[in-house]
Amino acid sequence: MKIINLNNLNAVKQNMFIRLTVIFLTLAISKVALATSLVELSVSNTSDTTAEVKMVFDDNAPDIEHFLIESPAKMSIDLLGATSSLDKKSFTYSGGLVVSAFVLPVQGKVRVVLSLENAVHFKLSDSESNELIFVLGDLTSSELESTVDYDEGLDDLIVIDGN
């Protein structure tokens, strides 16, 4: 009959725990490493009432959630499952609709907050698979109809002034 040494059993359990911990950490790090990263944020204030915000990623653009605040006028865009590789978190712009941008890493996402001169409409424009381009401004209904696919893009359109 074979006798099991309890000290060896504890060592086996400790070894298994260490191995499982290493595997778990490796998977967690791999998931973070695979997340798409925001590598560029640019704002073009095309006039006092219109602007284009372009976000470029190192992989496919992530899913987004967004909301607008009328007063003070702000637009918040959550980049779900993304990280940020930007050198700065705060950007200031002058002479146009977008006054500033803040890039805030939050659990499992990156939040981009745009401070605006006034509340506006916006649309998500066609772009490359690794880009998101937002067009902000006083867009007419014909501009919205020609650029937003109502089957897929209606969720990307929020009107905050009641029109």
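Structure: above.
An account of the accompanying structure is given in this report.

About the thresholds
Residues numbered from 1 in each chain as written. Predicted model: local features only at pLDDT ≥ 70, side-chain atom pairs only at ≥ 80, totals over all residues. Heavy atoms only, no water. Salt bridge = Lys/Arg side-chain N within 4 Å of Asp/Glu carboxyl O. Helix = DSSP H or I, 4+ residues; strand = E, 2+ residues; numbered from the N terminus. Pairing = 2+ DSSP bridges. Axes fitted to C-alpha atoms, helices over the stretch in contact; angles between N-to-C directions. Phe/Tyr/Trp six-rings, centres within 6.5 Å; stacked < 30°, edge-to-face > 60°. Buried < 20%, exposed > 50% of the residue type's maximum accessible area, 1.4 Å probe, protein only. Contact = heavy atoms within 4.5 Å.

Let's talk about the pattern of salt bridges
Under the criterion given, the structure shown has three salt bridges. Across the pair Lys-109 and Asp-78 runs a salt bridge, and its minimum N-O distance is 3.2 Å. In this pair, Lys-109 sits in strand β8 (residues 109–116) while Asp-78 sits in strand β4 (residues 74–80), placing the two residues 31 residues apart along the sequence. With a shortest N-O distance of 2.6 Å, Asp-78 and Arg-111 are connected by a salt bridge. On the criterion of sequence distance, the pair formed by Asp-78 in strand β4 and Arg-111 in strand β8 is long-range, its members being 33 residues apart.

Remarks on the sheet that holds strand β9 (residues 121–125)
Think of a sheet as strands paired side by side through backbone hydrogen bonds, with each pair either parallel or antiparallel. On the basis of which strands lie adjacent, the open sheet formed by five strands has the order β5-β1-β2-β10-β9 and mixed pairing. A strand with exactly one partner marks an edge of an open sheet, and here the two such strands are β5 (83–84) and β9.

Considerations on the sheet that holds β8
Spatial ordering of the open sheet is given by β3-β4-β8-β7-β6, a layout of five strands whose pairing is antiparallel. Looking at the sheet topology across the chains shown, the edges are occupied by β3 (64–69) and β6 (90–92). Within the sheet, the average angular offset between the axes of one strand and its neighbour, ignoring direction, is 15°.

Structural notes on the packing of aromatic side chains
Enumeration over the complete set of coordinates arrives at one aromatic pair. With a centroid separation of 5.9 Å and an interplanar angle of 45°, the aromatic rings of Phe-122 and Phe-134 are classed as tilted. Here Phe-134 lies in strand β10 (residues 131–137) and Phe-122 lies in strand β9, a separation of twelve residues in the sequence. A residue is classified by how much of its surface remains accessible, and Phe-122, at 1% relative accessible area, is buried.

Re the side chain of Ser-76
When you line up the elements, Ser-76 lands in strand β4. Residue class for Ser-76 comes out buried when judged on its relative accessible area of 4%. Not counting residues up to four positions away in its chain, the partners in contact with Ser-76 are Glu-65, His-66, Phe-67, Arg-111, Val-112 and Val-113.

Considerations on the environment of Thr-49
Looking at where Thr-49 falls in the secondary structure, it is placed in the loop between β1 (37–44) and β2 (50–57). Between the C-alpha atom of Thr-49 and that of Asn-118, which follows or precedes it by 69 residues, the distance is 8.0 Å.

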